[in-house]
Each structure stands twice: as C-alpha cells, then as structure tokens.
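Examination of the molecular architecture
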Amino acid sequence: MAEEKPHLSKVLGPVHIWALGVGIVLVGEFMGWNFTVAKGGTLGAIIACWVMGLLYTSLVMVNTEMGSVIPEAGGQYAMAKYFMGPLAAFNVGLMLVFEYVMLEAADALVVGEILKTLSPHLDSLPFIILTLVGLTWLNYRGVYATLTFNFVITAIAYMTIFVLLFSTKFFIPGSSLLKLAEFTDGLPYGWIGIVGAFQFGIWFYLGIEGTALAAEECRSTGRSLPVGALTGMVTLLIGATITWFVCSGLVHSKELGASVYPLFDAALATGMPAVIALLFAGTILSCMASANGCITDASRAWFAMARDTLIPEYFAAVHPKYRTPYRAILFQLPIALAFGFTGLLDQVITFSILSALLVYLFTAVMMFKFRRMYPLGSIERGYLSPWHPWTTLLLLVLTLATLLGMYFGYWLNMLAGFLFYSLASLWFALHRYRFVDREKLISEGASRWPRPVGY
Amino acid sequence: MSLWEALNWTAWGLSALMLGLMALDFVRVERERASKKGE
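Nothing here was measured: the structure is a model prediction, and the numbers come from that model.

For the rest of this paragraph, the subject is the overall build of chain B. Secondary structure assignment for chain B yields one helix and zero strands. Based on the C-alpha atoms only, the size of chain B along its principal axes is roughly 55 × 10 × 5 Å. Considering chain B as a whole, with its 39 residues, one finds that 21% of them fall into the buried category. Element-wise, carbon and sulfur atoms account for 68% of the exposed surface of chain B, whose accessible area totals about 3,000 Å². Within chain B, the 5 negative side-chain charges are centred at a point lying 9 Å from the centre of the 5 positive side-chain charges.

So, in structure tokens, the structure goes:
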C-alpha cells in the first residue's frame, strides 16, 4: 500500500484567492505595462491591454474549470500530471517555480531601489534582504496570515489608483488635470506596433493564473477558486483601464513609454503632495504583495513536485504546527536572493515571462485533453468554462502572438530559455524518471474520478 | 549616526532576527522529525 501523502491545511476562502491573484499582478499596473506605449503608442497600449485582457480572461476560465476539480497544490502542474504525463508535469512545475521565484527577486529589487530614492544615505541592499526574508518568514508561519496580509496591502495599493484618478477631477471638464488630446500619440507604428506591445501588455495581468496553485488550501475549492479568480480578473480589468487612462492623461507619451514608475510619475504630475506620498506607498505595497504571493505559489509548485517524487521527496515535508511546506519555502530563499543579486532585472523578468507564456501553451493543450478525457457530465465541476473550445483557441492564438512579439526583441533570451528547459527535460528523462513513483503521482486523482474516456 | 543609517541598521537587524527565528524553528522541527523516525 502506498504511504500517505502529506497535506496542507484547508483554511483559505475566496478573499484569500483574490488576494493571491491580484496581489501578484498589481505591481504590473505600477510599472512595466507602460513599455506598451513605447512599442505601440498610446492607442496601441490600450488595444494591447484589452486584447491581453481577453487572453487572461480565457486563461482564468480554463484554469478555473480544471483547478476546481483538482483540489491539489501546484495548480497547472497538478493538471499537467493528470492530463499530459510526468515529463510535461515536470516542465510545467519547473516553469511555475522559475516564473514566480524570478518575479519575487525582481519585486524585492524594486522595493530596494524605490526606497533608495528617499535619500542617498539609504542602502537598497538591507531592504531587498528584509523584503525577501520578512515575506519568507510570513509564509513559513502560515498561509492564512500570509494571504490576509496580502489582502490588506493589495487593497490599499489598488485604492491608491482610484485616489489618483479622482484627484485629477476628470469628471469636471473645465478643471480636469488630464490632457489626453495633447499627450497621446495614437498608433505611431501601426498594427505591428500592437503585436510588439503584447509582451508588455501582459504586465497588466501576469500572475493571476497563480490562484490555482493554492487549490489544496481552499476550504471549498469548487467555490473559492472560481469566485476569487474571476473577481480578481474583473478587478484587474478595471484597474488596468484606469491606469492607462490616468497615466496617458497626465504624462506625455514620450515620457510615459520610458518611465520606470508610471503611476508614481503620474502622481508627480498632479503636484499634490498627499497623492504623491500615497502612490509612493502604493508602489512599494504592490511590490511586496507580488513578492509575497510569488513565495506562496513557487513553494506550492516545488512542494507538489516533491510530493509526487518528480524531485527529491525531502521538499514535501509539512510543518507540524503551521501546516506550511516549510522546506520548500526556505529552499527558495537563497535562490531568490541569488537572482536578486545578479542585478540583471530585465533578464530576470524576461525569463519569468517566457516561463509563464510556456505554461499558458500547456494550459490550452491540457484543456483540450481534459474535455476529451472527461466530457461534460462525467465528473462534477465546480466551474464550467463557457464557449469552449473558442476560449481555449483564443488563449492558444494570443499566447503564440505574444511569443512572436517577444521574439522581435528578445530572441536570444527565448533561445536560452528553450535550451534550459530542453536540458532540464533531458535530465529528467535520462536520470530522474527512474525514481518517480508513478502510482503516487496519480493516485489521488485516480481515486476521485472514474476512468477517463479512451483509457 | 543619521536617521537613514539607523534605518539601514534596523533593516539588517530585522532581517537577521527573522532569519534567526526561522533557523531555530527549522532546527527544532528537524530534530523532532529525526527523533520520531528513530523511534
């Protein structure tokens, strides 16, 4: 008989899932998205924002349908092990870990850099380390406190965007601070500029799919995951549109396309000290929320892979008191610190985005397989993704278009990324696979569901 | 020492404190695990 697997505590509700998804993403509203303006112009930026909104809405729906029937840690990794096999699962798990650990490192780097702007006497290094260690400590102590904290800081950061919007008096035509007619530049590079803008348009939503990684810790996965993920997506669509609107009206497109902190620069343009201070705090809080959620997600992916024996089982231990995957959480701290100290922020972020896009490709393929293996009515679903296969096809096509846009600017990074995952696959197939306990890998799903169609 | 330098040291101190607390707890849990396995 197989040994019983370690399990995490079931304490999360929809609010925590919302906090996990929106928390990881919101930093993309405060920085990064604005490079869409440099690539595609102001109009290209909002088109990219909404087209990418379609990609992520499809992704969230597809993810939530599959996630709601798999109450296991690891999200897309857990889906891959059931619908695609061990090698694909290993790759998806590894991609998730790199996506989140690298994003976590980048977030901490930005916190240090922002704080340094307060005074030349302030060092960024102790604050980068404090961010990573502090959030790791929080994650180590329990997922409920971690995501409750994330909810509070994410909500505050999100509200600062609304404060900025209303401070411009956009609703009073004569006194509005917004100068959309003067500051915007339309579509300077035509339609190809929009494709180029896609890779930065994903910043508005990148990471919302991470909600599925905490499926095992939900009190009711079938309810918490759909409610948390879908309300999170709506929150982000509203936040992204307001961010574009307020930044485009306060900062000239030439400056906006090159800005490091676009929302903060927009706050500076209002000339109101209270708004500037709030957006400064909002930028830091959004980075912290993102890093916090990334630690939660990366550790769950690593833990789930270890529990299924795809990597050494040592990392599958659960803390006896806090019920957290404490070894997986601690293991990733030095890795995040190491990425942080490379100082190559753009390279770190590009690898994170590439990993995320590859996971989306796998997700689309898995959804087709899932619906074929378990047609509607064969198992109980907590959520049903509407308009399948069109939403899944849209996800596939838009992900490929984004990869194409990325290829124009970062083909060497993409090549390096593909090489890395190919080598990792070789290592897994030639060395690690013989240690994989195939019964343990799919035992939970096999005991829950009927035999799939065609097997 | 200026306020900024004090903040730098506070950040270092807090990092060391939390790292220490985690390390102590980790060692305690691992010892308990090892002793349970031994039994």
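The next point concerns unusual backbone geometry. Both trends apply: most residues other than glycine have a negative phi, and most peptide bonds are in trans. Residue and element names in this part refer to chain A. Of the consecutive residues H388 and P389, the connecting peptide bond is found in the cis state with omega at 15 degrees. Mapped onto the secondary structure, P389 falls in the loop between α15 (345-373) and α16 (390-430). Even without glycine at this site, K169 takes up a positive phi of about 55 degrees. Within the element layout of this structure, K169 appears in the loop between α7 (143-167) and α8 (180-183). With a phi angle near 70 degrees, T309 is a residue other than glycine that sits in the positive phi range. Along the chain, the position of T309 falls in the loop between α13 (273-307) and α14 (326-342). The class for T309 is buried, based on a relative accessible area of 3%.

Turning our attention to helix α1 (residues 3-38) of chain B. The terminal C-alpha atoms of α1 of chain B lie 52 Å apart, and with 36 residues this matches the ideal 52 Å at 1.5 Å per residue to within 8%. Listed as buried for α1 of chain B are N8, A11, S15, M18, M22, D25, V29 and E30 of chain B. Those residues of α1 of chain B that are buried lie in contact with α6 (125-141) and α14 of chain A.

Residue and element names in this part refer to chain A. On inspection of all chains with the given rule, the structure shows 33 aromatic pairs over all chains. Relative to F200, the ring of F35 lies with its centre 5.5 Å away and its plane at 65 degrees, an arrangement referred to as edge-to-face. Taken as a pair, F35 in helix α3 (residues 35-69) and F200 in helix α9 (residues 190-201) lie far apart in primary sequence, 165 residues in all. Here F200 falls in the buried class, since its relative accessible area comes to 12%. With centroids separated by 6.2 Å and ring planes inclined at 90 degrees, the aromatic side chains of Y140 and Y326 adopt a geometry described as edge-to-face. In this pair, Y140 is assigned in helix α6 and Y326 in helix α14, connecting sequence segments 186 residues apart.

As a further point, take the interface of chain A and chain B. Contact with chain A, which involves 25 residues of that partner, is made by 17 residues of chain B. For the pair chain A and chain B, the summed buried surface comes to about 1,900 Å²; carbon and sulfur atoms form 72% of the total. Contact with chain B buries surface across chain A, with P126, L130 and W137 of chain A losing the most and accounting together for 25% of the total. Where chain A packs against chain B, one counts one salt bridge. The partner of R327 of chain A in a salt bridge is E30 of chain B, and the shortest N-O contact between them spans 2.7 Å.

Moving on, we get to the packing of α6 of chain A against α14 of chain A. All names here are of chain A. Where α6 meets α14, the closest approach of the two axes is 10 Å, and the angle between their N-to-C directions is 165 degrees. Comparing the axis directions of α6 and α14 gives the class roughly antiparallel. Note on packing geometry: the crossing formed by α6 with α14 is right-handed. Counting all contacts with α6, which are made through L125, I129, L132, V133, T136, N139 and Y140, the residues of α14 involved are Y326, I329, L330, L333, A336, L337 and F341. A per-class count over the contact of α6 with α14 returns 12 nonpolar, two polar and no charged.

The next subject is the environment of A80 of chain A. Residues and elements named next belong to chain A. Looking at the element boundaries, A80 is found in helix α4 (residues 76-83). Sequence separation between A80 and M366 is 286 residues, and the spatial gap between their C-alpha atoms is 6.8 Å. In this view, A80 contacts G85, A88, A89, V92 and M366; residues no more than four positions away in its chain are not counted.

Moving on: the confidence of the model for chain B. Looking at chain B, pLDDT values average 93 and 100% of them are 70 or higher. Across the whole predicted complex the pTM is 0.93, and at the interface the ipTM reaches 0.95.

Residue and element names in this part refer to chain A. Applying the stated criterion to the full structure yields zero disulfides over all chains. Here C49 stays unpaired: no disulfide links it, and the sulfur of C247, its closest cysteine neighbor, is 11 Å away. Assessed through its relative accessible area of 0%, C49 is described here as buried.

Residue and element names in this part refer to chain A. Relative orientation of the contacting elements helix α5 (residues 86-116) and α13 amounts to 155 degrees, with a least axis distance of 8 Å. When the axis of α5 is compared with that of α13, the two are roughly antiparallel. As for how α5 packs across α13, the hand of that crossing is left-handed. Classifying every residue of the contact of α5 with α13 by side-chain character gives 22 nonpolar, three polar and three charged.

How each quantity is defined
Sequence order as written defines the numbering, with residues in each chain counted from 1. Chain letters and ligand numbers both follow the written order, the letters beginning at A and the numbers at 1. This being a predicted model, a pLDDT of at least 70 is required before a residue's local features are given, and a value of 80 or more before pairs of side-chain atoms are given or counted; all residues contribute to the totals for chains, interfaces and linings. Each side-chain value is derived from all of the structure's non-hydrogen atoms; neither hydrogens nor water enter the calculation. Note on conventions: DSSP H or I runs of at least 4 residues are helices, E runs of at least 2 residues are strands, and numbering of each starts at the N terminus. Think of it in three bands: with a 1.4 Å probe and only protein chains considered, a residue is buried below 20% of the maximum accessible area for its type, exposed above 50%, and partly exposed in between. Computed by Shrake-Rupley with a 1.4 Å probe, the accessible areas treat only the displayed protein chains as cover when residues are assessed. Neither His nor the chain termini are counted; the positive set is Lys and Arg, and the negative set is Asp and Glu. To locate a charge, the coordinates of NZ of Lys, CZ of Arg, CG of Asp or CD of Glu are taken. Under the convention used throughout, the expected extent of a helix is 1.5 Å for every residue step, that is, one less than its residue count. Working rule for contacts: check all heavy atoms of both residues, and any pair within 4.5 Å makes them a contact. What counts as a ring pair is set by centres within 6.5 Å for rings of Phe, Tyr and Trp (its six-membered ring), and what kind of pair is set by the plane angle: stacked under 30 degrees, edge-to-face over 60, tilted for all other angles. Two parts placed together each lose some accessible area; with a 1.4 Å probe, that loss summed over both constitutes the buried area. The salt bridge criterion pairs a side-chain nitrogen of Lys or Arg with a carboxyl oxygen of Asp or Glu, the two atoms within 4 Å. For helices, the axis comes from a line fit to the C-alpha atoms of the stretch in contact; other axes are also lines fit to C-alpha atoms, and the angle between any two N-to-C directions lies between 0 and 180 degrees. We call two directions roughly parallel when the angle between them is under 35 degrees, roughly antiparallel when it is over 145, roughly perpendicular when it lies between 65 and 115, and oblique otherwise. Crossing handedness is read from the near helix: turned anticlockwise from the far helix by less than a right angle, it gives a left-handed crossing, and turned clockwise, a right-handed one. Think of it as three bins: nonpolar holds Ala, Val, Leu, Ile, Met, Phe, Trp, Tyr, Cys and Pro, charged holds Asp, Glu, Lys and Arg, and polar takes everything else, Gly as well. A score between 0 and 100, pLDDT records how confident the predictor is in each residue. The rule for a disulfide is simple: a pair of cysteine sulfur atoms within 2.5 Å.

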